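Report on the structure
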Amino acid sequence: MSHTIQMTSEQLEHLIKSLRTSTATEISHAVAELASKPNKTSSHGSIADCPYRYGGERDREIVEEFILSTQTYKDLQGISDEDGLKSLPLLFYEYANTWWQGVRHLVHTWPAALELLRQHFAPPRPAYQIYLELMEEKQGDDVLIDRFLVKKRAILAQLPAGRRHDEITELDMVYGLLHLKYRKWIDRNDFTTFDELMEKGRIVEYNLQEDEKEMKKLCRYCKRHGHTMDNCAKLEKMECE
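**Comments concerning the overall build of the protein**
A tally of regular secondary structure across the protein gives 12 helices and zero strands. The 241 residues of the protein split such that 34% are buried. Residue pairs at least 24 apart in sequence account for 60% of intrachain contacts in the protein once pairs closer than 6 positions are excluded. As presented, the protein carries roughly 15100 Å² of accessible surface, and 52% of it is formed by carbon and sulfur atoms.

**Examining the environment of Met-135**
When you line up the elements, Met-135 lands in helix α7 (residues 127-135). Judged by relative accessible area, which is 42%, Met-135 ranks as partly exposed. Sequence spacing of Met-135 and Val-174 is 39 residues, and the spatial spacing of their C-alpha atoms is 8.4 Å.

**Points about the pattern of salt bridges**
Enumeration over the complete set of coordinates arrives at 11 salt bridges. A salt bridge links Lys-86 to Glu-82; its shortest N-O distance comes to 3.4 Å. Of the two residues, Lys-86 and Glu-82 both sit in helix α4 (residues 81-87), four residues apart, roughly one turn of that helix. Via salt bridges that share partners, Glu-64, Glu-115 and Arg-118 belong to a single interconnected network.

**A look at the packing of aromatic side chains**
By the definition in use, this model includes nine aromatic pairs. Judged by centre distance (5.1 Å) and plane angle (75°), the rings of Trp-99 and Phe-121 are edge-to-face. Residue Trp-99 is found in helix α5 (residues 94-103), and its partner Phe-121 is found in helix α6 (residues 110-121); the two are separated by 22 residues along the sequence. Grouping residues by exposure puts Trp-99 and Phe-121 together as buried. Linked through ring pairs, Tyr-54, Phe-66, Phe-92, Tyr-95, Trp-99, Trp-100 and Phe-121 together constitute an aromatic cluster. Above the plane of the ring of Trp-110 lies Lys-74, whose end atom (NZ or CZ) is 5.3 Å from the centre.

**What about α7?**
Among all positions in α7, only Ala-127, Ile-130 and Leu-134 are buried. Projected onto a plane normal to the axis of α7, the buried residues spread over an arc of 60° and lie on a single side. α7 presents Tyr-128 and Leu-132 as exposed residues on the side facing more than 90 degrees away from its buried surface. Among the structural elements, α8 (145-156) and α9 (167-175) are those in contact with the buried residues of α7.

**Thoughts on the side chain of Ser-46**
Within the secondary structure, Ser-46 is located in the loop between α2 (24-36) and α3 (60-77). Separated by 3.0 Å, the side chain of Ser-46 and the backbone nitrogen of Ala-48 make a polar contact. Look past the residues within four positions of Ser-46 in its chain and what remains in contact with it is Tyr-73, Ile-79, Ser-87 and Leu-90.

**With respect to unusual backbone geometry**
Unlike most non-glycine residues, Glu-94 shows phi in positive territory, near 50°. Position of Glu-94 among the secondary structure elements: in helix α5.

**Notes on the nonpolar core**
In this structure, Tyr-54, Phe-66, Leu-88, Phe-92, Trp-100 and Leu-117 are the most contacted members of the largest nonpolar core, which totals 24 residues. For this core, the secondary-structure elements that each account for two or more residues are α3, α5 and α6. Looking at which element gives the most residues to this core, the answer is α6, with five residues. Filtering out sequence-adjacent residues up to four positions away, Phe-66 remains in contact with Tyr-52, Arg-53, Tyr-54, Leu-88, Leu-91, Phe-92 and Leu-117. Counting residues in hydrophobic clusters, the runner-up holds 22 residues, among them Leu-177, Ile-186, Phe-194 and Met-198.

The rules behind the values
Residues numbered from 1 in each chain as written. Predicted model: local features only at pLDDT ≥ 70, side-chain atom pairs only at ≥ 80, totals over all residues. Heavy atoms only, no water. Helix = DSSP H or I, 4+ residues; strand = E, 2+ residues; numbered from the N terminus. Buried < 20%, exposed > 50% of the residue type's maximum accessible area, 1.4 Å probe, protein only. Contact = heavy atoms within 4.5 Å. Areas by Shrake-Rupley, 256 points an atom, 1.4 Å probe, with all protein chains shown as cover. Salt bridge = Lys/Arg side-chain N within 4 Å of Asp/Glu carboxyl O. Phe/Tyr/Trp six-rings, centres within 6.5 Å; stacked < 30°, edge-to-face > 60°. Lys NZ or Arg CZ within 6 Å of the ring centre and 35° of its normal. Arc of directions from axis to C-beta. Polar contact = N/O pair within 3.5 Å; in protein donor to acceptor, adjacent residues only side chain to side chain. Core = buried A, V, L, I, M, F, W, Y, C linked by side-chain atoms within 4.5 Å.

Structural data, given as structure tokens:
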């Protein structure tokens with residue numbers, strides 16, 4: 001038997017962050033953790049307590065984040081489509097509120113409301129524009145691999161229905177955009193999923209951080225980096241003579 005999971009605003013924000021950056025296993029663990037925690041609040045058939053608001057920004061990431069957060073909140077609080085649709089305007093402000101006043105008579109279901117919101121403020125783009133966005137930016141030296149991969153996968157997810165690629169092909173597209181420091185240590189044939197690539201990339205990041213710490217060590221005797229006087233071979237040799 002399924003159970004309704006009720007969440008506070010803080011719990012919802014925690015879950016949304018997990019959805020953006022975590023693997024499928026980590027997300028399932030986050031949901032299970034939230035489900036096990038007691039909650040003293042109740043939605044009373046309204047999404048008014050959802051911590052996210054939307055003001056009409058024409059930004060795909062903002063629109064999709066708002067849709068994801070409200071849908072997640074509604075589902076976990078057990079709010080019906082009818083009650084969700086009635087209370088949806090409470091999450092709008094400024095231009096979004098004005099827009100809703102003009103179109104609300106056309107919307108009769110919750111899915112239709114979200115789709116109309118997406119169509120108006122973040123309409124689907126042709127595939128060539130999505131490919132251009134995917135390829136226009138390579139990974140910077142200071143960008144962590146998990147953030148980079150999450151962003152690129154989100155761009156690929158915008159491809160029209162029927163134009164999505166299998167995971168192997170998507171990996172081929174993204175691999176060449178990785179910073180050289182990752183491609184030096186991770187061969188393209190060493191992974192077959194994004195989760196595997198992310199895990200290997202994190203290991204590379206950890207090892208590079210360790211190398212950086214070692215390089216910061218300065219021997220006060222020979223003035224060389226990478227060690228201290230305690231294990232200076234030159235000093236040890238001099239003391240033995």
